[in-house]
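So you can see what is in the structure, the chains are spelled out below.
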Amino acid sequence: AKANGRNTMCFFDPAMQAVVSARAALDGDLRLALAQRHFELHYQPQVDAEGRITGAEALLRWQHPQRGMVAPAEFIGAAESSGLIVPLGAWVLEQACARLVAWQQQPRLAQLSLSVNVSPRQFHQPDFVEQAMAALARSGADPRRLKLELTESLLLDDVEASIEKMSRLNAAGVGISLDDFGTGYSSLTYLKRLPIYQLKIDRSFVRDIVTSPADAAITRTILTLADSMGLSAMAEGVETEEQRHFLNRQGCRAYQGYLFGKPVTAQQFEQQLLDVASM
Ligand code: C2E
Ligand code: CA
Ligand code: CA
Ligand code: CA
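Residues numbered from 1 in each chain as written. Chains lettered and ligands numbered in written order. Predicted model: local features only at pLDDT ≥ 70, side-chain atom pairs only at ≥ 80, totals over all residues. Heavy atoms only, no water.

Novice: Talk me through the coordination of the calcium ion (ligand 2); I want residue IDs and the actual numbers.
Specialist: Distances from the calcium ion (ligand 2) to its protein donors, Glu-57 (OE), Asn-117 (OD1), Glu-149 (OE) and Asp-179 (OD), fall at 2.1 to 2.3 Å. For the calcium ion (ligand 2), the single-chain donor residues occur in sequence as E-x59-N-x31-E-x29-D. If you look at the calcium ion (ligand 2) and the calcium ion (ligand 3), they sit 3.6 Å from each other and are both ligated by Asp-179. In this pair, Glu-57 is assigned in strand β2 (residues 53-64) and Glu-149 in strand β5 (residues 146-151), connecting sequence segments 92 residues apart. (Donors = N, O, S within 2.8 Å, 3.2 Å for Na, K, Ca; no water. Helix = DSSP H or I, 4+ residues; strand = E, 2+ residues; numbered from the N terminus.)

Next comes the structure, spelled out in structure tokens:
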């Protein structure tokens, strides 16, 4: 009862009240934005060891009529706490499937994979797998081209149910990648049971890899771990040739980062590939 009393008091704290109303305003804006289709997906290339584009990661952007383009860091958290991430995430999956179908119809783009971020709250919906399968089936997108990026924090809740969902997706051909690997709740005990194909090495390790022995050691360990478990490893946030070279020497074979391309509109992304193909 004492703890309860404190919480109630907080609500009447003017500073707290301001935070609460700012949250409510953001939440209202997000709902409106979803209804008015002010969101769009941008696409960042993912490349192999030779620098050839193998696919893209879909990254959400909010085209705010007054504020311009808003980055996901500013709204994903709020959407996650309000629950709006559920319809928003469903929209992202639907858009991603539509993009895959467009690619499937172009010989130059047909082999590309598309990675989609799925937030824990969205993944924990009881019917998440059914919804994803339905989106794939409705669109006609090939499940083997769709990849889902999940974070380890998802395992903090019901581990068994999460593994079971991952297994069903995997059985349907949808590859699962563990995003931001090493930054959160890493349990090696669970890792060996997860039906995943890839670890994504977080940008925070890649950033100083050339100058920081600790970051280099962590990265090397993740690469060795992935290799010995038969998983692929993708380095994210690669910005310089030095970083790429360093990672390559450590055995990394998949990359993403500004060095290869920033997130751009679907049209710009596709044009890059069609330009290269015609050279
Ligand atoms: P993430 O999944 O780790 O995505 C990578 C982030 O790093 C993206 O930021 C990308 O633009 C940025 N990035 C890529 N390469 C570089 C680089 O070389 N240098 C630097 N400095 N940054 C790089 P973004 O687009 O702002 O997204 C931030 C986060 O928002 C994502 O982190 C992801 O967790 C979340 N997010 C984005 N789209 C979605 C979505 O559709 N659904 C959900 N649930 N989360 C999303
Ligand atoms: Ca990601
Ligand atoms: Ca990531
Ligand atoms: Ca990250």
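Further notes follow.
Novice: Mind laying out the packing of aromatic side chains, listing which residues take part and the relevant values?
Specialist: The tally for this structure, following the rule as stated, stands at nine aromatic pairs. Seen in terms of ring centroids, Phe-123 and Phe-128 are 5.4 Å apart; in terms of plane orientation they differ by 50°. Their pairing is tilted. Ring pairing ties together the aromatic residues Phe-39, Trp-62, Phe-75 and Trp-91, which thus form one cluster. Above the ring of Trp-62, the side-chain terminus of Arg-67 is found at 6.0 Å from the ring centroid. Lys-262 extends its terminal NZ or CZ atom over the ring of Tyr-258, reaching a point 4.6 Å from the ring centre. (Phe/Tyr/Trp six-rings, centres within 6.5 Å; stacked < 30°, edge-to-face > 60°. Lys NZ or Arg CZ within 6 Å of the ring centre and 35° of its normal.)

Novice: Describe the pattern of salt bridges, naming the residues involved and giving the relevant values.
Specialist: A full pass over the atoms with the stated rule returns 13 salt bridges. Between Asp-27 and Arg-31 there is a salt bridge, with the nearest N and O atoms lying 3.4 Å from each other. Here the residue Asp-27 and the residue Arg-31 both occupy positions in helix α2 (residues 14-35), the gap between them amounting to four residues, near one helical turn. Assessed through its relative accessible area of 18%, Asp-27 is described here as buried. Residue classification places Arg-31 among the partly exposed positions, given a relative accessible area of 43%. A salt bridge links Arg-207 to Asp-208, with the shortest nitrogen-to-oxygen separation between them at 4.0 Å. (Salt bridge = Lys/Arg side-chain N within 4 Å of Asp/Glu carboxyl O. Buried < 20%, exposed > 50% of the residue type's maximum accessible area, 1.4 Å probe, protein only.)

Novice: Give a description of the coordination of the calcium ion (ligand 3) that names residues and reports values.
Specialist: When a metal holds four donors in a tetrahedron, each ideal angle between them is 109.5 degrees; when it holds six in an octahedron, the ideal angles are 90 or 180 degrees. The protein atoms that coordinate the calcium ion (ligand 3) are Asp-179 (OD), Asp-180 (OD), Glu-236 (OE) and Glu-236 (OE), at distances of 2.1 to 2.8 Å. Each donor residue of the calcium ion (ligand 3) belongs to the same chain, with the gaps between them written as D-D-x55-E. For Glu-236, a relative accessible area of 12% gives the class buried.

Novice: Give me the lowdown on the site of ligand 1, citing residues and values where you can.
Specialist: The environment of ligand 1 is made up of 20 residues, and the closest members are Gln-44, Arg-61, Asp-179, Glu-239 and Tyr-258. Between a nitrogen atom of ligand 1 and a main-chain N or O atom of Leu-60, the distance comes to 3.1 Å. Protein contacts shield 83% of the accessible area of ligand 1, which totals 810 Å² for the unbound molecule. For the shell around ligand 1, the leading source of residues is β2, giving four residues. The residue inventory of the shell around ligand 1, partitioned by class, reads eight nonpolar, five polar and seven charged. (Near = heavy atom within 4 Å. Polar contact = N/O pair within 3.5 Å; in protein donor to acceptor, adjacent residues only side chain to side chain. Areas by Shrake-Rupley, 256 points an atom, 1.4 Å probe, with all protein chains shown as cover. Nonpolar A, V, L, I, M, F, W, Y, C, P; charged D, E, K, R; others polar.)

Novice: Pulling in residues and values, what's your account of the pairing of β2?
Specialist: Within β2, nine of the twelve residues are buried, leaving the element largely enclosed by the surrounding structure. By the bridge criterion, nine bridges tie strand β1 (residues 39-48) to β2 in an arrangement that is antiparallel. Note on β2: the bridge partner recorded for Phe-39 is Trp-62. Counting the residues that bridge the hairpin from β1 to β2 gives four residues, and of these Gly-51 lies at a positive phi of roughly 85°. Pairing geometry for β2 and strand β4 (residues 113-117), over four bridges, is parallel. Its bridge partner lying in β4, Gly-55 is registered against Ser-113. Bridging between β2 and strand β3 (residues 68-70) involves three bridges; their strand directions are antiparallel. Residue pairing for β3: His-64 is matched across the bridge by Gly-68. Joining the antiparallel neighbours β2 and β3 is a turn of three residues. (Pairing = 2+ DSSP bridges.)

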